[in-house]
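# Remarks on the overall topology
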Amino acid sequence: MSERQNDLSWFWNSDLYRRLQGMSCTKKPNLLKLLFAVHDEVRLHTPVLGWLLDPKGDHGLGATPLTRFLSILEIDTDGAEHARIWRERSFAEHGRVDLMVELPDCCIVIENKLYAADQEAQLWRYQKVLDVQAALPLTPYLFYLTPDGCEPSSASISAPVDSEETGILEAGSYQCISYQNEIHTWLSALLKEVPEESSGLMDHIAENQSDISALARLTRSVLFLHAKLLEQLIETI
């Protein structure tokens, strides 16, 4: 046993460790709430959604999250394994797009709007992005994602006031979706794709006291951490 491991022997044999083993939380801890504000769409919701939708992401689920999401939105899933996912993608003339999914036959743009106010001509600008990115024969899809599926403001779907263009987005050119319905259904179904880990953090460390890297290996356990993140993301909805 190394000197560093010997340094930890006091902990494994201490009253503190035994008390920690017997402790139970009165409220289930939530890693996402610890690291981010619950309604932080820029640093929490948009990155996590984009990460899950990416078939090449390190979540280990392949194209399954994307195909399930497309099915909920009633979009053809062909070519999902070849999709490209963009988060906060910038366009010189039209600003930044929250989420973009490029598939062989279509292009999807999602405005992720939690509790921030709509910006002027926001969905209008997104539609302009789609006009370029999803030119025929590609099919464009524009979604407005909110907690409850509410409609965007008239300012968001209207042309900029200082623009030579006028008008408003046509009915049916965008769809409203929600965290309460589509996202909750999608994430709940994804949890069934992630195998459960048989032991908790304390059990794992207790069984590997001679291995100083036990905690590091546990934090790299993709299936365990990703399952917990999915559960906690659902809790914030």
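The structure displayed is predicted, hence computed values, not measured ones.

### A word on the overall build of the protein chain
When its secondary structure is counted, the protein chain shows 12 helices and five strands. Within the protein chain, the fraction of its 237 residues that count as buried is 41%. Expressed as a percentage of contacts within the protein chain between residues at least 6 apart in sequence, the contacts between residues at least 24 apart total 68%. Counting only carbon and sulfur atoms, one obtains 52% of the accessible surface of the protein chain, whose full area is about 13500 Å².

### Here's the deal with the side chain of Asn 112
Among the structural elements, Asn 112 can be located in strand E3 (residues 106–112). Taking the relative accessible area as the measure of exposure, Asn 112 reaches 0% and is therefore buried.

### Things to note about the side chain of Gln 122
With respect to the element layout, Gln 122 can be found in helix H7 (residues 122–133). One polar contact links Gln 122 to Glu 111, side chain to side chain, over a distance of 3.3 Å. Not counting the four nearest positions on each side in its chain, Gln 122 is found in contact with Glu 111, Lys 113 and Ser 156.

### So, the pairing of strand E4 (residues 139–146)
Each regular strand displays side chains that alternate between the two surfaces of the sheet. Both E3 and E4 contribute to a ladder of seven bridges, which runs parallel. From the neighbouring strand, Ile 108 faces E4, where its bridge partner is Tyr 141. In this fold, E3 hands off to H7, which returns the chain to E4; that crossover is right-handed. Where E4 meets strand E5 (residues 175–178), four bridges bridge the pair, whose relative direction is parallel. Residue pairing across strands places Leu 145 opposite Ile 177, the latter belonging to E5.

### Things to note about the pairing of strand E2 (residues 95–102)
Among the eight residues in E2, six count as buried, and that is most of the element. Examined bridge by bridge, strand E1 (residues 84–91) and E2 share seven bridges and lie antiparallel to one another. Among the inter-strand pairings, Arg 84 is bridged to a residue of E2, identified as Glu 102. By the bridge criterion, four bridges tie E2 to E3 in an arrangement that is antiparallel. From the neighbouring strand, Leu 99 faces E3, where its bridge partner is Ile 110. Between E2 and E3, which follow one another and run antiparallel, lie three residues.

Rules used throughout
- Residues numbered from 1 in each chain as written.
- Predicted model: local features only at pLDDT ≥ 70, side-chain atom pairs only at ≥ 80, totals over all residues.
- Heavy atoms only, no water.
- Helix = DSSP H or I, 4+ residues; strand = E, 2+ residues; numbered from the N terminus.
- Buried < 20%, exposed > 50% of the residue type's maximum accessible area, 1.4 Å probe, protein only.
- Contact = heavy atoms within 4.5 Å.
- Areas by Shrake-Rupley, 256 points an atom, 1.4 Å probe, with all protein chains shown as cover.
- Polar contact = N/O pair within 3.5 Å; in protein donor to acceptor, adjacent residues only side chain to side chain.
- Pairing = 2+ DSSP bridges.
- Right-handed = clockwise from strand over helix to strand, strands pointing away.

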